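Chain by chain, the residues run as shown.
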Amino acid sequence: MSGNDDAETAKIEVWWDMKDCPIPEGYDARRVRPSIERAFNKRGYSTCPVSITAYGDQNQTPCHVLRGLSSTGVAVAHTKSESTRSVMYRDMVEWRGQNPPPGTMMIISDQVGGDLSWDLARLQQRTRYQLFLAYSIKPCNDLFLLYRANWRWEQLLEEEGAAPLVVGGLSSAAMFYCKSCNFDCQSLEKFRKHLSSYKHGMEEAINPPNTELSCVTETWAKNYPATPEHATAKILVLWNMNDCPIPEGYDACGVRPSIERALKEVGYTGPVSITAYADQKQTPDHHLLALSSTGVDYAHTLPSVEYSRMITDFEEWAEDNPAPASIMIISNELALRKSHSSRLCRKLQESNYKCFLAYSVRPFKMPVLLTSAEWLWESLLSGGCFLFLRSSSSTWARNYPATPKHATAKIHVLWDMKDCPIPEGYDARRVRPSIERALKEVGYTGPVSVSITAFADQKETPDHHLLALSSTDVDFAHTLWWVLHSRMITNFEEWAEDNPAPATVMIISDRLGWRMSQSSLLQKSNYNCLLAYSVRPFVKPTLLTSAEWLWESLLAVSETKRHTLQKCSGSEMVVASTGMFYCDLCDCHCKSLDDFKKHLSREEHTHEDNIMNTHFQSFRHRHRQFKMSKYHDEARYPPKTKRTRKTDE
């Protein structure tokens, strides 16, 4: 399958894992580039410049192979074998950022599946490149990736091409890279010398390349406003009524208005067509009549084929409604089952469609479908904020109101301002009312006030925010970033001593929930837990929560401005401070911002701050020294003196 006209003339970048796909014994390394170029030429890519980088542990690669590759313009990159996949993918992501489409990517590796396929498929849904694969071992057929062609490595090398084009001399050959040391050169001799040097060995021992692949789209998990080209485009809604039924007592006439309102809140105002899928024998007639009266189509289908029927309908709709357009999936399973989601994912990689999700229970893991917004089904129908609620286990993710014993109990809020900052232009005085309103919506209506403590480095927090928060009885705790989470946990444990269960703790942080899950207080005592975060978690934390929110959506639930962030001039009009200011480093409490800032400028605080920073630096230094010692033992190097270091350099 040939690419489009633009892609057929754009640059081609090739990433080649030499361990998975080695050069066969006796094969002339100079034949690799012509073979790859010949394969592209057969598919219409005859004028595209091809760049190839070979990755692997180059200590294991013979010199004549390196010389042959370099002489034909193939770049050579050294990294540890166990890091090849992650380093290759990091370079792919960097290349994509520097080379916008059109363009073509080729991956020569047996390790395209798993998290690489998942993350690259999500990237491809945002920026689309032509993709080709080659491998020694054929990957599974259910890859998320949409690719134009694929070859077996041995088959690719057998492509008949022109005679190898040898670059004139090594002085003008391709580059040699050491990914461990950020070193490059054009001389094979210099490259070999570098790889055998003490400096290189020490660098790989102290700062080895990451062996785990970094998924860059894990944080692409907010509700994003509509782009201009999609704002007024058509929207197809596929609704699985078995997964997301109409709640008992809910007027089915309200489904369409609720869906349209939710879409409008994120900027989508185009025409919406909705099709509901279910077994007609299990759907009450009054629901069918109510849905029909609001223009909702109904498709009778059996549970065994309902998901495939929904996908087929989308594919048929897409033929008559080319991108830009949008699809909304209301289902628990359709976006998560690999057999179904891979079909949808490949379609979204092919065309410029936006995707939305709604579900009755929050997914255990982030779906491969790249979404522009997600909703909990019952919250969407109620017109509430984008709220995610769960009980426990992988399916305990429904909307449960507060239990009677917790509804009127105390609530302590731990707010990580680094992970979940105050949005630019937002009136910080609205934080407390927004939190309290969100809590009331899920049944926490007791007379006892909510205690809120915000944790951050005071030097990174504007004074007008501190004053505004304090005026609404929000406490502020100054701490350093690298002890912030441990301070928050300590704060909760101290609060729990004076406030036994039943009680509730609310965590506003992207990462603290994972550490709090280890707290024995939450496991042994009857504390209820709530969670808010700036991005939806990649994997559901083990922390058992009763309610979850996206931070900016929670802030939009204010008494006076429900669905928009209230703007301010940047210098909020505040009343006298009622919240306390804490310095967690010195265990000092202040009632006013002026007293707090005076404390931070005192010699005693500066001394404590220096001690903490010195301790942190000392830990890093000791860890580095341990790695150096381990390297000396393994490599049987004598301890290095200043004189021998100078000689090595």
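Residues numbered from 1 in each chain as written. Predicted model: local features only at pLDDT ≥ 70, side-chain atom pairs only at ≥ 80, totals over all residues. Heavy atoms only, no water.

1. Some details on the overall build of the protein chain
- When you go through the protein chain residue by residue, the secondary structure sums to 23 helices and 23 strands.
- Of all 649 residues assigned to the protein chain, the portion counted as buried reaches 52%.
- In the protein chain, 74% of the contacts between residues at least 6 apart in sequence involve partners at least 24 apart. (Helix = DSSP H or I, 4+ residues; strand = E, 2+ residues; numbered from the N terminus. Buried < 20%, exposed > 50% of the residue type's maximum accessible area, 1.4 Å probe, protein only. Contact = heavy atoms within 4.5 Å.)

2. Comments concerning the packing of helix α3 (residues 84–98) against helix α4 (residues 114–126)
- The N-to-C vectors of α3 and α4 enclose an angle of 5 degrees; their axes lie 12 Å apart at closest approach. Here α3 is positioned roughly parallel relative to α4, judged by the angle of their axes. Residue-level contacts link Arg 85, Tyr 89, Val 93 and Arg 96 of α3 to Gly 114, Asp 115, Leu 116, Asp 119, Leu 120, Leu 123 and Gln 124 of α4. (Axes fitted to C-alpha atoms, helices over the stretch in contact; angles between N-to-C directions. Parallel < 35°, antiparallel > 145°, perpendicular 65-115°, else oblique.)

3. Section: the sheet that holds strand β11 (residues 296–300)
- One open sheet holds the 6 strands; their spatial order is β11-β10-β9-β12-β13-β14, and the pairing between them is parallel. On the outer flanks of this sheet lie β11 and β14 (373–376), each paired with one strand and no other. Recorded for the sheet is a direction-independent mean angle of 20 degrees between the axes of neighbouring strands.
- As paired elements, strand β10 (residues 272–278) and β11 share 5 bridges and run parallel to each other. (Pairing = 2+ DSSP bridges.)

4. What about the side chain of Ser 109?
- With respect to the helices and strands, the residue Ser 109 is situated in the loop between β4 (104–108) and α4.
- Side-chain polar atoms of Ser 109 contact the side chain of Asp 20, separated by 3.3 Å.
- Not counting the four nearest positions on each side in its chain, Ser 109 is found in contact with Asp 17, Asp 20, Cys 21, Ala 134 and Tyr 135. (Polar contact = N/O pair within 3.5 Å; in protein donor to acceptor, adjacent residues only side chain to side chain.)

5. Comments concerning the nonpolar core
- Ranked by internal contacts, the top residues of the largest apolar core, which has 54 residues, are Leu 120, Phe 314 and Leu 369.
- Of the residues forming this core, the biggest block, 6 residues, is contributed by helix α11 (residues 306–320).
- Leu 120 has contacts with Tyr 89, Arg 96, Met 105, Ile 107, Leu 131 and Leu 145, leaving out every residue within four places of it along the chain.
- Formed by 45 residues, the second largest nonpolar core is a distinct cluster that contains Val 431, Ala 456, Val 474 and Cys 583. (Core = buried A, V, L, I, M, F, W, Y, C linked by side-chain atoms within 4.5 Å.)

6. A few points about the pairing of β4
- The buried fraction of β4 amounts to 5 of the 5 residues, a majority that puts the element mostly inside the structure.
- Burial of the side chains of β4 extends over both faces: Thr 104, Met 106 and Ile 108 are buried on one face and Met 105 and Ile 107 on the other.
- Direction of pairing for strand β1 (residues 12–17) relative to β4: parallel, over a ladder of 5 bridges. Looking across to β4, one finds that Trp 16 is bridged to Ile 108.
- Here β4 runs beside strand β5 (residues 130–135); their pairing, made up of 5 bridges, is parallel.

7. Here's the deal with the UniProt feature "domain: C2H2-type" (unreviewed entry) in the protein chain
- UniProt marks residues 178–200 and 583–605 with the feature "domain: C2H2-type" (unreviewed entry), using the numbering shown here.
- Between the C-alpha atoms that bound residues 178–200 the distance is 9 Å, and the span itself is 48% helix and 17% strand.
- In residues 583–605, the share of helix is 52% and the share of strand is 17%. The end C-alpha atoms are 9 Å apart. (UniProt positions renumbered as here; feature names shortened; annotations may be inferred.)

8. So, the sheet that holds strand β6 (residues 149–152)
- Spatially, the 8 strands line up as an open sheet ordered β6-β5-β4-β1-β2-β3-β7-β8, and their pairing is mixed. On the outer flanks of this sheet lie β6 and β8 (183–185), each paired with one strand and no other. The sheet shows a mean angle of 15 degrees between the axes of neighbouring strands, taken without regard to direction.
- Bridge count for β5 against β6 is 4 bridges, and the pairing is parallel. Across the sheet, residue Ala 134 finds its bridge partner in β6, namely Trp 151.
- Against the sheet, α3 touches β1, β2 (50–56) and β4, its axis set at about 170 degrees to β1.

9. Thoughts on the environment of Met 506
- Along the chain, the position of Met 506 falls in strand β19 (residues 503–508).
- On the basis of relative accessibility, which here comes to 0%, the residue Met 506 falls in the buried class.
- Sequence separation of Met 506 and Thr 545 is 39 residues, and the distance between their C-alpha atoms is 9.2 Å.

10. Quick look at the packing of aromatic side chains
- Scanning all chains against the criterion turns up 21 aromatic pairs.
- Ring geometry for Trp 495 versus Tyr 527: centroids 6.4 Å apart, planes at 50 degrees, classification tilted. Here the residue Trp 495 occupies a position in helix α17 (residues 484–498), and Tyr 527 occupies one in strand β20 (residues 527–533), the gap between them amounting to 32 residues.
- Tyr 527 sits in the buried class, given a relative accessible area of 9%.
- Where Phe 581 meets Phe 596, the ring centres are 5.4 Å apart and the plane angle is 25 degrees; that geometry is what we call stacked. Placement of Phe 581 in strand β22 (residues 581–583) and of Phe 596 in helix α21 (residues 593–601) is noted, with a sequence separation of 15 residues between them.
- Look at Phe 596 and you get buried, because its relative accessible area is 0%. (Phe/Tyr/Trp six-rings, centres within 6.5 Å; stacked < 30°, edge-to-face > 60°.)

11. A few points about helix α6 (residues 188–195)
- Those residues of α6 that fall on the buried side of the exposure criterion are Leu 188, Phe 191, His 194 and Leu 195. Viewed along the axis of α6, the buried residues span an arc of 125 degrees, placing them on a single side of the element. In α6, the exposed positions angled more than 90 degrees off the buried face are occupied by Lys 190 and Lys 193.
- The inward-facing, buried residues of α6 abut α2 (63–71), β3 (75–78), β7 (176–178), β8 and α7 (198–206).
- Capping of α6 at its N-terminal end is provided by Ser 187; its side-chain oxygen lies 3.4 Å from the backbone amide nitrogen of Glu 189. (Arc of directions from axis to C-beta.)

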